[in-house]
Amino acid sequence: MKKLFLLIITIVFFTSCEKEKITNESDEIFAIALKGKQIMVTVCHYDSLTDTWKTISINGNALNAHLAHGDCEGECPTPLPNQTFTDRSAFMADLKVVTTIDFEEIAFGVGQANAVNLVGDEFSGVTLTPGAGSDGLFVGIPDPSISGGNNENFFASDFSPTSGLAVFSPDNYPNTDSPSPDGILIVDFDSYMDGVGVYFLDAEEFPSFIEAFDGPNGTGNSLGKVIVQNKGDKSQAFAGIHSSGIKSAVLGLGGGRDGVGIDDLSFGKSSGCGEFEKEKILRGKVKKD
């Protein structure tokens, strides 16, 4: 009986060894076959002959070289159609890389006396410039002790922030009973964007708007415009635009006797695949520098 037991153990041992040997040999054969096989990778590639971007498949060994000269891994993004929005959720849905400026890190006190006049390039990726009718680039926190109406100043309680406490306005003085001028804010982007949007605060009877352009400083072709008006006291009205190749936007803040503020200025791209020179040719619509 003992001999039979030892025989069974011996058979099991040798069988296990053979299986392990076969498995190891199979892994080695597979590794050799894999090494010889071309692993293909999809990239969004710039074709200098046609000055366009196209989706191609390349050998994985060449990926780093393609990335080094500005290609990016994955398919080229589909250009977003020109579209306007009044709903922020819908606006954000097709944007994958988004920056939102809520002005919170700038404000440090309640009321007009504590307003901060921004430096235009204070935020990464964008430059803000006051336009016609604007006193500056003011950020502050609304004063709950100030009621609205015709005696409203910038930090009156009519401004209801959409996030945090701080809001933005191109004006910083009491309107009392004299109309304030319409303020203009020009937004210049360091690189081309696929979307820009903002909340207008307390946009009552006087029209406010956001308009996107394919050139800097509000120049070039208009890519879309949204007008905001008659939204009521303490209102928060979103307005946004999608279009491939937004280089700047102009925000007109309706004046009259009620000022208009903004909050949550958002801008972004439809794909993270736009960190290179690719942005400069607007998905093939503008010649590369």
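To be clear, the structure that these remarks concern was listed above.
Here the structure is a predicted model, which means the values were calculated and not measured. (Residues numbered from 1 in each chain as written. Predicted model: local features only at pLDDT ≥ 70, side-chain atom pairs only at ≥ 80, totals over all residues. Heavy atoms only, no water.)

*Asks:* Describe the overall build of the protein, and please don't skip the residues or the numbers.
*Replies:* In terms of helices and strands, the protein carries three helices and 14 strands. A total of 289 residues make up the protein; the buried ones form 47% of that total. For the protein, contacts bridging at least 24 residues in sequence account for 70% of all contacts bridging at least 6. Accessible surface, the protein: about 14600 Å² in total, of which carbon and sulfur atoms supply 56%. (Helix = DSSP H or I, 4+ residues; strand = E, 2+ residues; numbered from the N terminus. Buried < 20%, exposed > 50% of the residue type's maximum accessible area, 1.4 Å probe, protein only. Contact = heavy atoms within 4.5 Å. Areas by Shrake-Rupley, 256 points an atom, 1.4 Å probe, with all protein chains shown as cover.)

*Asks:* Break down unusual backbone geometry for me, with residues and values.
*Replies:* The residue N230 is not glycine, and still its phi comes out positive at about 55°. Assignment of secondary structure puts N230 in the loop between β12 (222–228) and β13 (236–253). Exposure remark for N230: the relative accessible area of 56% places this residue in the exposed category. A positive phi angle, near 60°, is found at K234, a position not held by glycine. In this fold, K234 is placed in the loop between β12 and β13. Take K234: its relative accessible area is 37%, and that puts it in the partly exposed class.

*Asks:* Tell me about the packing of aromatic side chains, and please be specific about residues and values.
*Replies:* For the structure shown, the criterion picks out six aromatic pairs. Ring centres of F85 and F91 lie 6.0 Å apart, and the angle between their planes is 75°; this geometry places the pair in the edge-to-face category. By relative accessible area, which is 0% here, F91 ends up buried. Measuring from centroid to centroid gives 5.3 Å for F91 and F238, while their planes differ by 55°, and the two rings are tilted. Taken together, the residues span a long stretch of sequence, with F91 in helix α3 (residues 88–93) and F238 in strand β13 at a distance of 147 residues. What makes F238 buried here is its relative accessible area of 4%. Grouping aromatic residues by their ring pairs yields a cluster made of F85, F91, Y199 and F238. It is K225 that lies over the ring of F209; its NZ or CZ is 4.6 Å from the centre. Between K247 and the ring centre of Y192, over which it is positioned, the NZ or CZ distance is 6.0 Å. (Phe/Tyr/Trp six-rings, centres within 6.5 Å; stacked < 30°, edge-to-face > 60°. Lys NZ or Arg CZ within 6 Å of the ring centre and 35° of its normal.)

*Asks:* Report on the environment of V110, specifying residues and quantitative values.
*Replies:* Along the chain, the position of V110 falls in the loop between β5 (97–101) and β6 (116–117). As for V110 and P142, which are separated by 32 residues in sequence, their C-alpha atoms are 6.0 Å apart. The residues touching V110, leaving out its near neighbours within four places in the chain, are I141, P142, D143 and P144.

*Asks:* Let's hear about the nonpolar core: which residues, and what values?
*Replies:* Ranked by internal contacts, the top residues of the largest apolar core, which has 38 residues, are F103, L128 and F200. Residues within four places of F103 in sequence aside, it is in contact with L118, F123, L128, V139, A166, F168, I262 and D263. In terms of nonpolar packing, the next biggest core, distinct from the first, is built from nine residues, F85, F91, F159 and F238 among them. (Core = buried A, V, L, I, M, F, W, Y, C linked by side-chain atoms within 4.5 Å.)

*Asks:* Talk me through the environment of D121; I want residue IDs and the actual numbers.
*Replies:* Topologically, D121 is positioned in the loop between β6 and β7 (126–130). Along the chain, D121 and D188 lie 67 residues apart, while their C-alpha atoms are 9.6 Å from each other. Every residue in contact with D121, bar those within four places of it in the chain, is listed here: V126 and T127.

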